[in-house]
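Coordinate analysis (summary)
Residues per chain are reported as follows:
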Amino acid sequence: MNDVLTIGDAMITLDPSQTGPMRFASTFQRKAGGAEFNVAIGCARLGLQTGWVSRLGNDEFGKYIRNFARGEGVDTSAVKLLDHYQTSLNFKEIREGGDGKTFYYRYPSPTTELTEKTLDINSLRNTRLLHITGVFAAIDPQKNIPLLKRAITIAKDHGALISFDPNIRLKLWSKEEAQKNLKQLLPYVDIMLTGVDEADLLLGVSQPDEIIDACKQYGISTIAIKKGEEGAIGYCGNETLSLPPSKPVKVVDTVGAGDGFDAGFIFGILKGWGLERTLRFANTIGAMVVSVYGDNEGLPELEEVLIQLGEREFVER
């Protein structure tokens, strides 16, 4: 039995060795990344039993990603390496303030071969929580929306919670496509993990109370609104709570912060924590992630978060 299962692709991320426009970058570091992949890594580092469903190319990059996940303790039994597909790539452009752009090279994605018929039913029947995002949906909406509905139905029929991060990437689809397709998933969602801009695009509202009300109309009972450097707002059990960000850190790379927040929030929910502790824990992880270069290199282990929160003593020597 897994605590968390997630479905989605993963890519080789090529990070420039210098900040600035991509056209001037000449050397890159090879890393692994992807929205659902990062959440799986984050949950595993926190000590949750985590599984990941995906398809990769049967090439050196695909083997690297699968082995990376295995090394982090993620169950990859539902990850297959496929001939005739190349593992997807993305190149990152990072500016001095930590912001940047992403350039995708992911079509045709190996996840094209992940269908309703090839879903790992056993994994879906044996997880406490299924985490999905809008990224996987965007790769092939016509196929992946029905696939996600099927996966959600199986998981919910066996008692799993469904967490959802819209994670809308407008380089993959238009605003209209994202709204039309992702709204189909909302009636199945138990836990919404969204940024303000994504909520505005998906739900047509941007004020926290409006976002919460709109989510409740779909029957969503737990909501986290990620506000980056402004902290986060949570809703659960008729309680609404706004928390400031974690203690200031030097921001070097903002990629993966939302995924880290998701992992932390999921951890708190599965541990049965109250809203304040869950939100503070997730906020802290988001802050820790942006202080490290890379999509998932800054995702911490549980003890590191507890030290950051002042709940565990740090002994340097």
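Residues numbered from 1 in each chain as written. Predicted model: local features only at pLDDT ≥ 70, side-chain atom pairs only at ≥ 80, totals over all residues. Heavy atoms only, no water.

1. Structural notes on the sheet that holds strand β1 (residues 2-7)
Read from one edge to the other, the open sheet built from nine strands follows the order β5-β4-β1-β8-β9-β10-β11-β12-β13, with strand pairing classed as mixed. Each edge of the sheet is formed by a strand with only one pairing partner; in this case those strands are β5 (79-82) and β13 (239-243). This sheet shows a mean twist of 15 degrees between the axes of neighbouring strands, independent of strand direction. Looking at chain direction, β1 and strand β4 (residues 50-57) are connected through four bridges and run parallel. Within the sheet, the bridge partner assigned to T6 lies in β4 and is W52. Against the sheet, helix α7 (residues 196-203) contacts β9 (161-165), β10 (191-195) and β11 (222-226), and its axis sits at roughly 110 degrees relative to β10. (Pairing = 2+ DSSP bridges. Helix = DSSP H or I, 4+ residues; strand = E, 2+ residues; numbered from the N terminus. Axes fitted to C-alpha atoms, helices over the stretch in contact; angles between N-to-C directions. Contact = heavy atoms within 4.5 Å.)

2. A look at the environment of I121
Mapping I121 onto the fold places it in helix α3 (residues 121-125). Since its relative accessible area comes to 24%, I121 is described here as partly exposed. In the structure, I121 is positioned 16 residues away from Y105 in sequence and 30 Å away in space, judged by C-alpha atoms. (Buried < 20%, exposed > 50% of the residue type's maximum accessible area, 1.4 Å probe, protein only.)

3. Observations regarding the side chain of H131
With respect to the helices, strands and loops of the structure, H131 is situated in strand β8 (residues 127-133). H131 gets classed as buried once you look at its relative accessible area, which sits at 0%. The contacts of H131, once residues within four sequence positions are left out, are L5, T6, I7, V39, S163, F164, D165, L193, D262 and I266.

4. Examining the pairing of strand β6 (residues 89-94)
Bridge count for strand β2 (residues 11-16) against β6 is three bridges, and the pairing is parallel. From the neighbouring strand, T13 faces β6, where its bridge partner is N90. Sheet topology places β6 next to strand β7 (residues 100-105); six bridges connect them, and they run antiparallel. Paired with E93 across the two strands is K101, which belongs to β7.

5. A look at the pattern of salt bridges
Tallied over the full model, the rule gives 12 salt bridges. Where D295 meets K92, a salt bridge forms, and the shortest distance between an N and an O atom there is 2.9 Å. Of the two residues, D295 is situated in the loop between α10 (275-290) and α11 (302-308) and K92 in strand β6; the sequence distance between them amounts to 203 residues. What makes D295 buried here is its relative accessible area of 7%. Its relative accessible area of 2% is what places K92 among the buried residues. Residues R277 and E311 are paired through a salt bridge, measuring 2.7 Å at the closest nitrogen-oxygen approach. With a gap of 34 residues between them, R277 in helix α10 and E311 in the segment after α11 connect regions that are remote in the sequence. According to the relative accessible area criterion, R277 is partly exposed, its value standing at 33%. (Salt bridge = Lys/Arg side-chain N within 4 Å of Asp/Glu carboxyl O.)

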